[in-house]
Amino acid sequence: MLPGWTGAGEGFNLLRGPRGGRRICMTFDGGSTAEVAVDVLDALKARGIRTTFFLTGEFIRKYPDLVRRMDREGHELGNHTLDHPHLAPGMRRDPRWTRDKVHEELLAADRELLKLLGRPFDPYWRAPYGEHTLEVRQWAEELGYRHVGWSEGADTLDWATVKERRLYRTGDAILDKLRARMEKRDGDGLIVLMHLGSGRPVGDRPAQVLGPFLDRARAEGWHVVPIGEYLRDLGKPTWDPARRAALLR
């Protein structure tokens, strides 16, 4: 644990940002594949949008050029663990995942980023499969990571293919549903979950129509922001990444 870190012990779980600014955060998880990563990055770059990516150590090892590009283009990079394990199936911690083991899973991923970029992750993490507990979140906070989930109704399920018939929607339908979610009374401040990997055919990937979606949202007065903006507005304490870097060397 890092002494003096005022964020430790809260077990904070960010599910949405504050309202009042007509803002959304489009977050993207990078687990083990990257079929749509270039499409996503190109759409964001063309519009000058910075957002937040959650990356596994495995993703960093496999796609170093993509990670360098994310960093170069000003995106926030959050920890998505080393290799995407089930920490808390059914939202109950697997007893095999002790405090020390959770710490090492997060730090091992961070070492991959430090090795590649010379700096650690930004002070956020996202549990694989959205499986976590208060205890696990508190353990992660000891290392300076605040947990970031996603808002109700803002999981796009963009990973689902036609094989998952109950969950599947076309790429266009996914973003149409997201637009409708944004326009609900509590749409302001959403955290949206999307992915950099896709088993869908190229013509059925929501990333292919992400650009037009962003253009329409901005024309309607929406602002796409990174997670850090939400946390600053919520008054959460800041974190100096150099403090964790000392644990990684």
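Coordinates for the structure precede this section.
Attention in this report is confined to the structure presented alongside it. Just so we're clear, the structure is a prediction, and the values are computed from it rather than from any experiment.

Here's the deal with the overall build of the protein chain
Counting its regular elements, the protein chain contains nine helices and eight strands. What you see for the protein chain is a C-alpha radius of gyration of 17 Å, in line with the 18 Å of a compact globule of 249 residues. Considering only C-alpha atoms, the protein chain reaches an extent of 45 × 40 × 35 Å along its principal axes. Counting over 249 residues, the protein chain shows a buried share of 55%. Expressed as a percentage of contacts within the protein chain between residues at least 6 apart in sequence, the contacts between residues at least 24 apart total 83%. Counting every atom, the protein chain has about 11000 Å² of accessible surface; 51% of that belongs to carbon and sulfur. Looking at charge distribution, the protein chain has the averaged site of its 41 positive side-chain charges lying 1 Å from that of its 37 negative ones.

Digging into the packing of aromatic side chains
What describes a pair of aromatic rings is the distance from one ring centre to the other and the angle between the planes of the rings. Enumeration according to the criterion identifies two aromatic pairs in this entry. Here the aromatic rings of phenylalanine 28 and phenylalanine 53 are separated by 5.5 Å at their centres, their planes lie at 25°, and the arrangement is stacked. With a gap of 25 residues between them, phenylalanine 28 in strand 2 (residues 23–30) and phenylalanine 53 in strand 3 (residues 52–55) connect regions that are remote in the sequence. For the pair phenylalanine 59 and tyrosine 63, a centre-to-centre distance of 4.8 Å together with 50° between the ring planes defines the contact as tilted. Taking relative accessible area as the criterion, phenylalanine 59 reaches 0% and is therefore assigned buried. Here tyrosine 63 falls in the partly exposed class, since its relative accessible area comes to 21%. Above the plane of the ring of tryptophan 97 lies lysine 101, whose end atom (NZ or CZ) is 4.5 Å from the centre. Directly above the ring of tyrosine 145 sits arginine 244, whose terminal nitrogen or CZ lies 3.9 Å from the centroid.

Describing the side chain of histidine 75
By the secondary structure assignment, histidine 75 is in the loop between helix 3 (64–72) and strand 4 (76–79). Since its relative accessible area comes to 4%, histidine 75 is described here as buried. Among the polar contacts made by the side chain of histidine 75, one reaches the main-chain amide nitrogen of threonine 51 at a distance of 3.0 Å. Histidine 75 has contacts with Leu41, Leu44, Ile49, Arg50, Thr51, Phe53, Met70 and Arg119, leaving out every residue within four places of it along the chain.

Things to note about the nonpolar core
Grouped together as the largest cluster of nonpolar side chains are 54 residues, with contacts concentrated most on Met26, Phe28, Val40, Phe53, Leu55, Met70 and Leu196. Take this core: its biggest share by element is seven residues, from helix 4 (residues 99–117). Leave out the neighbours within four places in its chain, and valine 40 touches Phe28, Phe53, Leu196, Ala207 and Leu210.

So, the pairing of strand 7 (residues 190–195)
Where burial is concerned, most of strand 7 is hidden: six out of the six residues are buried. Of the two faces of strand 7, the one lined by Leu190, Val192 and Met194 and the one lined by Ile191, Leu193 and His195 are each fully buried. Here strand 2 runs beside strand 7; their pairing, made up of six bridges, is parallel. Each residue of the ladder has a partner; that of phenylalanine 28, found in strand 7, is methionine 194.

Comments concerning unusual backbone geometry
The phi torsion at arginine 22 lies on the positive side, around 50°, for a residue other than glycine. Inspection of the secondary structure assignment puts arginine 22 in the loop between strand 1 (13–14) and strand 2. Classification of arginine 22 by relative accessible area gives partly exposed; the value is 30%. For leucine 157, which is not glycine, the phi torsion reads 55° and is therefore positive.

Reading guide: rules and limits
Residues numbered from 1 in each chain as written. Predicted model: local features only at pLDDT ≥ 70, side-chain atom pairs only at ≥ 80, totals over all residues. Heavy atoms only, no water. Helix = DSSP H or I, 4+ residues; strand = E, 2+ residues; numbered from the N terminus. Rg over C-alpha atoms; globule rule 2.2 N^0.38 Å. Buried < 20%, exposed > 50% of the residue type's maximum accessible area, 1.4 Å probe, protein only. Contact = heavy atoms within 4.5 Å. Areas by Shrake-Rupley, 256 points an atom, 1.4 Å probe, with all protein chains shown as cover. Lys, Arg positive; Asp, Glu negative; His and termini not counted. Charge placed at Lys NZ, Arg CZ, Asp CG, Glu CD. Phe/Tyr/Trp six-rings, centres within 6.5 Å; stacked < 30°, edge-to-face > 60°. Lys NZ or Arg CZ within 6 Å of the ring centre and 35° of its normal. Polar contact = N/O pair within 3.5 Å; in protein donor to acceptor, adjacent residues only side chain to side chain. Core = buried A, V, L, I, M, F, W, Y, C linked by side-chain atoms within 4.5 Å. Pairing = 2+ DSSP bridges.

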